[in-house]
Amino acid sequence: MLELENVSKSFGGLKVIDQVSFTVRRGSRTALIGPNGAGKTTLFNLITGVVHPDEGRVRFGGVDITHISPNRAARIGIGRTFQIVKPLGGLTVLENVMLGAFMHTSRPSKAAGAAREVLQYLQMEKVMHVMARGLPLAMLKRLEIARALATRPKLILLDEVVAGLPTAEALRLAELLQKLPARGVSAVGGVEHVMRVVMSIADRVIVLDHGAQIAEGRPQDVVRMPAVIEAYLGTKYKELGL
């Protein structure tokens with residue numbers, strides 16, 4: 001579904017993405033992990049056309065989208081969330097999600113129906129008519145996902161959607177995200193520290209360190225790789241046997 005080939009990006013003299021190559025299969029759940037500053041958000045920006053690579057190619061469904069615009073990326077089926085959640089606080093939860101649904105219809109009734117279905121999937125029915133500015137962090141994270149899902153993506157890029165959540169809430173959200181392939185949505189999630197979520201949801205892991213790809217494989221294999229332990233997980237993780 002998605003292919004990156006030797007993608008690089010620099011800002012000024014700093015190379016933030018360095019020759020990254022990977023593919024995302026249809027129906028898969030891929031975790032993109034790495035410490036803060038590893039390049040995860042920049043990589044999402046490159047895929048969605050917020051910025052463009054200095055080198056390399058990006059393909060989606062076999063079509064070159066290296067220089068795509070963000071609105072066109074959304075149109076062809078690439079959805080994303082943002083690390084800093086900024087809903088329209090003066091609108092209800094339902095109205096926020098309807099904005100995404102308007103990509104495929106101009107009728108408010110159809111947009112509302114699509115938004116309700118997404119909110120039910122994310123178990124947000126009870127806050128559907130609450131003003132977005134009044135939501136706690138856990139619900140704000142779900143709202144960010146709901147807005148992206150309302151655009152009916154084929155692929156969703158999830159940027160730190162469990163950051164700041166208690167472990168129990170993060171795992172509850174991960175349980176819902178496991179069902180994305182059943183909705184016809186493949187997922188790539190950027191995760192900094194919550195490895196229990198990665199182990200529970202991902203079928204494949206890609207590790208970034210200072211913009212370079214240092215590992216790729218099944219979660220249970222990647223977490224045992226010496227380079228990953230040294231650069232990201234640390235010896236404490238190894239001692240815990242996780």
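One can find the structure itself at the top, above this paragraph.
Thresholds applied
Residues numbered from 1 in each chain as written. Predicted model: local features only at pLDDT ≥ 70, side-chain atom pairs only at ≥ 80, totals over all residues. Heavy atoms only, no water. 1 Å grid on protein atoms, 1.4 Å probe; cavity = no way out; pocket = protein on both sides within 12 Å on 5 of 7 lines; lining within 4 Å. Points joined across faces, edges and corners; volume = space filled by probe spheres on them. Helix = DSSP H or I, 4+ residues; strand = E, 2+ residues; numbered from the N terminus. Nonpolar A, V, L, I, M, F, W, Y, C, P; charged D, E, K, R; others polar. Core = buried A, V, L, I, M, F, W, Y, C linked by side-chain atoms within 4.5 Å. Buried < 20%, exposed > 50% of the residue type's maximum accessible area, 1.4 Å probe, protein only. Contact = heavy atoms within 4.5 Å. Pairing = 2+ DSSP bridges. Polar contact = N/O pair within 3.5 Å; in protein donor to acceptor, adjacent residues only side chain to side chain. Salt bridge = Lys/Arg side-chain N within 4 Å of Asp/Glu carboxyl O. Phe/Tyr/Trp six-rings, centres within 6.5 Å; stacked < 30°, edge-to-face > 60°. Lys NZ or Arg CZ within 6 Å of the ring centre and 35° of its normal. Axes fitted to C-alpha atoms, helices over the stretch in contact; angles between N-to-C directions. Left-handed = near helix turned anticlockwise from the far one by under 90°. Expected span 1.5 Å × (residues − 1). Patch = residues over 30% accessible without salt bridge, like charges linked within 9 Å, V, L, I, M, F, W, Y side chains within 5 Å. Areas by Shrake-Rupley, 256 points an atom, 1.4 Å probe, with all protein chains shown as cover.

Asker: Pulling in residues and values, what's your account of the layout of surface pockets?
Answerer: Empty space within the largest pocket amounts to approximately 360 Å³. Taken together, 16 residues line the largest pocket, and the ones lying closest to its centre are Ala74, Arg80, Phe82, Ala148 and Thr151. For the lining of the largest pocket, the secondary-structure elements that each account for two or more residues are α2 (70–75), β6 (78–80), α3 (93–101) and α5 (137–149). Among the residues forming the lining of the largest pocket, the class breakdown is 8 nonpolar, 5 polar and 3 charged.

Asker: Run through the nonpolar core, naming residues and quoting values.
Answerer: Grouped together as the largest cluster of nonpolar side chains are 55 residues, with contacts concentrated most on Ile33, Leu122, Leu149 and Leu180. It is α5 that contributes the most residues to this core, 8 residues altogether. Discounting residues that sit within four places of it in the chain, Leu122 has contacts with Arg142, Ile145, Ala146, Leu149 and Leu176.

Asker: How would you explain the pairing of strand β10 (residues 212–217) if you had to name every residue and give the values?
Answerer: Where strand β9 (residues 204–209) meets β10, 5 bridges bridge the pair, whose relative direction is antiparallel. Pairing of Ile206 across the sheet is with Glu216, part of β10. Where β9 hands over to β10, the hairpin turn is made up of 2 residues, of which His210 adopts a positive phi near 50°.

Asker: I'd like to hear about the side chain of Ser28, residue by residue, with values.
Answerer: Examined against the element boundaries, Ser28 turns out to sit in the loop between β2 (14–24) and β3 (29–33). Here Ser28 falls in the buried class, since its relative accessible area comes to 2%. Reaching out from Ser28, the side chain makes a polar contact with the backbone oxygen of Arg25 at a distance of 2.6 Å.

Asker: Just give me the short version of the pattern of salt bridges, but keep the residues and values in it.
Answerer: For the structure shown, the criterion picks out 13 salt bridges. Of the charged contacts, one joins Glu169 and Arg172 as a salt bridge, the two residues approaching to 3.0 Å between their closest N and O atoms. In this pair, Glu169 and Arg172 both sit in helix α6 (residues 167–177), 3 residues apart, roughly one turn of the helix. Of the residues examined, Arg172 reaches a relative accessible area of 46% and is grouped as partly exposed. Residues participating in the shared-partner salt-bridge network are Glu3, Glu5 and Arg59.

Asker: A description of the packing of aromatic side chains should follow, citing residues and the corresponding values.
Answerer: Here the structure, examined in full by the defined rule, presents 0 aromatic pairs. Lying over the aromatic face of Phe82, Arg80 brings its terminal NZ or CZ to 4.1 Å of the ring centre.

Asker: Outline the packing of α3 against α5, listing residues and values.
Answerer: Any two packed helices are characterised by how steeply their axes cross, that is the angle between the axes, and by the distance between the axes. Relative to each other, α3 and α5 sit at 35°, their axes nearing to 7 Å. As for the relative orientation of α3 and α5, their crossing is right-handed in sense. Facing Val93, Asn96, Val97 and Gly100 of α3, the residues of α5 in contact are Leu143, Ala146 and Arg147.

Asker: I'd love a proper account of helix α4 (residues 108–121), names of residues and values included.
Answerer: Here α4 contains 14 residues, and its C-alpha end-to-end distance of 20 Å stays within 8% of the 20 Å for a straight helix at 1.5 Å per residue. Those residues of α4 that sit buried are Ala111, Ala112, Ala115, Val118, Leu119 and Tyr121.

Asker: Hey, could you go over a nonpolar patch on the surface for me, with residue numbers and the actual values?
Answerer: Together, Leu88, Leu99 and Phe102 give the surface a local cluster of nonpolar side chains, amounting to about 250 Å² of exposed area. If you trace the backbone, Phe102 turns up in the loop between α3 and α4. Since its relative accessible area comes to 33%, Phe102 is described here as partly exposed.

Asker: Please give an account of empty space enclosed by the protein that cites residues and values.
Answerer: Within this structure, the stated rule accounts for 1 cavity of 30 Å³ or more. Estimates place the volume of the largest cavity at around 180 Å³. Every residue lining the largest cavity is counted, 18 residues in all, and those nearest its centre are Leu158, Leu177, Gly189, Val191 and Ile201. Of all the secondary-structure elements, those providing two or more residues to the lining of the largest cavity are β3, β8 (186–191) and α7 (195–201). Ranked by residue count, the leading element in the lining of the largest cavity is β8, at 5 residues. Classifying every residue of the lining of the largest cavity gives 13 nonpolar, 3 polar and 2 charged.

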